[in-house]
Each structure stands twice: as C-alpha cells, then as structure tokens.
Amino acid sequence: MYKTGEIISNRCLKGDYYQVIFYAPEIAEKAIPGQFVHVQIDKSSAHILRRPFSINNTDPAAGTVQVTYKVVGSGTEVLAGLKPGAVCDLLGPLGNGYKLPADDEIPVMIAGGYGTAAMFMLSKLAKNKGMLLVGARGDADLILLDDYRQQGCDVQVATNDGSVGTKGFVTVLLEDVLKNAPAGQKYRFYACGPTPMLMAAGKLLCAANREDGELSLDHVMCCGVGACFACVVKVKDGDTFRYARSCSEGPVFTAGEVYYED
C-alpha cells in the first residue's frame, strides 16, 4: 500500500548509521518482523527509484515505523539530511517476514552488520529472548546491541579485526551453538546480513538438520512488488534451481529452500 510517512525523528546512531522514525499508522499496524518498506526519498530524477529498508521496529499505538540505515550513496545521504516534518512516500509493509518462534523455542538470531536492524522486532515479540550472534568488520559496524540486551537477549559478538568479542566471522559463533546445543533444547534460527554470510550460515544449518532456519535474502530491488524480476535469488527446484523474487516471495526463505552454489 502507498502511504505518506512524515518524519518524526532522524538521528545519527554512530558513524554512518542513522535511525529514522516515520508516522505511518497503517504500516505500523500491519508490519511483522522481517518485512520492509520501499521508500521514495524525494521526487528528484536522481532518486526516482525507491530504496528498500528493513523495518527495525514499530509502535502501533503511536502509529510509528522505525528504520535503521547506513549512508552508502546519494539517496541515503539525502535521507540522512531530512528533518522532522519532512514527508517521504512509503510502500509497505512488503515481503514475507519471519515466523515467530513457538513459546517453547529459543530464537538464535544471526546478524551481519546492520542485519541487526531487521531482527529486532522478532526479539521484541518472541516469548523467549534467546541469543543474538552478531558479526562485523569492527566496532564501528556494531549497532543496536544495547537494545537487544535491554530486551533480555544474550548478545555474542565476532569481529573480523578482533576489536570486540571473538576474532573471526559470525559463523564461528554459530558453529559453537550448533555443536554445544543441550539435548532437548528447542532452538529456532534466523539470519540477516550480507549474502556470503547468509550462504555460509545456511549451509551450516542444513548440515545440522536445521533446514527450517530462516534467512533474509536481501537483494537490490527496483519495483519491490514482484513485477520487474530485478531482485531474483536462486531457490531449489528439484535437482536444479529456479529464480525467486526476493521482494515478493521473500525476502525470508528457509535454509532448506535456498540453492547453494559450491
């Protein structure tokens, strides 16, 4: 659905990372974890295409939708400069989101960089807060960790440069969880982050017979509604694969659905 979103606040979290809150009550009421909004930042020809942003959080009572983003180009640079009162055109909520864990399941959320933004609603709504396994290049790319801790999540960190937590990729933390899972413990796995990380995590989950783990396969999107086929990803189709539209058939797929290229 097309809706206008008036900016309530737009602030820098740290470095190039920002958080914007839109007043968009219809979207706030319907959004579920893992969905996204397609944002037209302004009407200029330079930014005619919308930008997809994961929904970080909502407050249905206040009618607000929160998005956490990184300034990576001219579009997000313009967005970072918008002040309260400015209005963007929003399309959403879009896509298929995460399934909430059952009351007796412990969510294990695997995030790369600002993949933490896409799973925060999941941690908020889950009965058991579980754990967040987050990987980043270094401290500069770690965001929202205190928000997860305040929810009651066990936050474990891996950084490429070893500046925070374990030195290495987040998959090192995932391997440890899979290896040392207590007998009878019901885990449910979720992941969001860069594609190489998601592919590595998906392979680990499948090897551990956790094919129901859910991966958010974010991709460069154009229309956001499944019409243009610009955002396709490979999913299994018998012994081969087919292309699935990440905007409408995803972005969330199970680890068992994804086609992995060796």
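In what follows, the accompanying structure is described.

Conventions used here
Throughout, residues of each chain are indexed from 1 in the direction in which the sequence is written. The predicted nature of this model means local features are confined to residues of pLDDT at least 70 and side-chain atom pairs, given and counted, to a pLDDT of 80 or more, with totals for whole chains, interfaces and linings taken over all residues. As a rule here, side-chain values cover all heavy atoms of the structure and leave hydrogens and water aside. Only protein atoms enter the 1 Å grid used here, on which a cavity is any set of points holding a 1.4 Å probe that cannot leave and a pocket is any open set flanked by protein within 12 Å on both sides along at least five of seven lines; residues with an atom within 4 Å of a point are listed as lining. Grid points are joined across faces, edges and corners, and a volume is the space filled by probe spheres set on the points. By definition, any uninterrupted DSSP run of H or I lasting at least four residues is a helix, any uninterrupted run of E lasting at least two residues is a strand, and each is numbered from the N terminus. Three classes are used: nonpolar for Ala, Val, Leu, Ile, Met, Phe, Trp, Tyr, Cys and Pro, charged for Asp, Glu, Lys and Arg, and polar for all others, with Gly counted as polar. Geometry of aromatic contacts follows a simple scheme: Phe, Tyr and Trp rings, the Trp one being its six-membered ring, pair when their centres are within 6.5 Å, and the pair is stacked under 30 degrees between planes, edge-to-face over 60, tilted otherwise. Any residue under 20% of the maximum accessible area for its type is buried, any over 50% is exposed, and the rest in between are partly exposed; the area is computed with a 1.4 Å probe on protein chains only. Over a ring means this: the NZ of a Lys or the CZ of an Arg is within 6 Å of the ring centre and within 35 degrees of the ring normal. Criterion used throughout: strands pair if DSSP finds at least two bridges between them. Throughout, a residue-residue contact means that at least one pair of heavy atoms, one from each residue, lies within 4.5 Å. Angular values range over 0 to 180 degrees, each being the angle between N-to-C directions of two axes fitted as lines to C-alpha atoms, with helices fitted over their stretch in contact.

## Brief notes about the layout of surface pockets
Taken as a whole, the largest pocket spans an internal volume of roughly 1100 Å³. Of all the secondary structure elements, the ones that give two or more residues to the lining of the largest pocket are strand 4 (51-54), strand 6 (64-70), helix 2 (74-80), strand 9 (131-136), helix 5 (170-179) and helix 6 (195-207). When grouped by side-chain class, the residues that make up the lining of the largest pocket number 20 nonpolar, 19 polar and five charged. Counted as a void, the second largest pocket has a volume near 220 Å³. In terms of lining residues, the second largest pocket is bounded by 13 residues, among which Thr195, Met199, Val233, Lys234 and Tyr259 are the most central. Sorting the residues of the lining of the second largest pocket by element identifies helix 6 and strand 14 (232-237) as the ones contributing at least two each.

## A look at the packing of aromatic side chains
Summed over all chains, the structure comprises eight aromatic pairs. For the pair Tyr17 and Tyr114, a centre-to-centre distance of 5.7 Å together with 65 degrees between the ring planes defines the contact as edge-to-face. Here Tyr17 is found in strand 2 (residues 17-23), whereas its partner Tyr114 is found in the loop between strand 8 (106-112) and helix 3 (120-125), with 97 residues between them in sequence. With relative accessibility at 37%, the residue Tyr114 sits in the partly exposed group. Pairing Phe53 with Tyr69 gives two aromatic rings, centres 5.9 Å apart and planes at 65 degrees, and the pair type is edge-to-face. A residue pair is termed long-range when its members are at least 10 positions apart, and Phe53 in strand 4 and Tyr69 in strand 6 qualify at 16 residues. Judged by its relative accessible area of 1%, Tyr69 falls in the buried class. In textbook terms, an aromatic cluster arises when at least three aromatic residues are bridged by ring pairs, as seen for Tyr18, Phe53 and Tyr69. In this structure, Lys234 is placed above the aromatic ring of Phe241, and the distance from its NZ or CZ to the ring centre is 4.3 Å.

## A word on the sheet that holds strand 13 (residues 214-216)
Here seven strands make up an open sheet; going across it, the order is 11-10-9-8-12-13-16 and the pairing mixed. At either end of the open sheet lies a strand with only one pairing partner, and these are strand 11 (166-167) and strand 16 (252-254). Together, strand 8, strand 12 (187-192) and strand 13 form the strand contacts of helix 6, whose direction differs from that of strand 12 by roughly 160 degrees.

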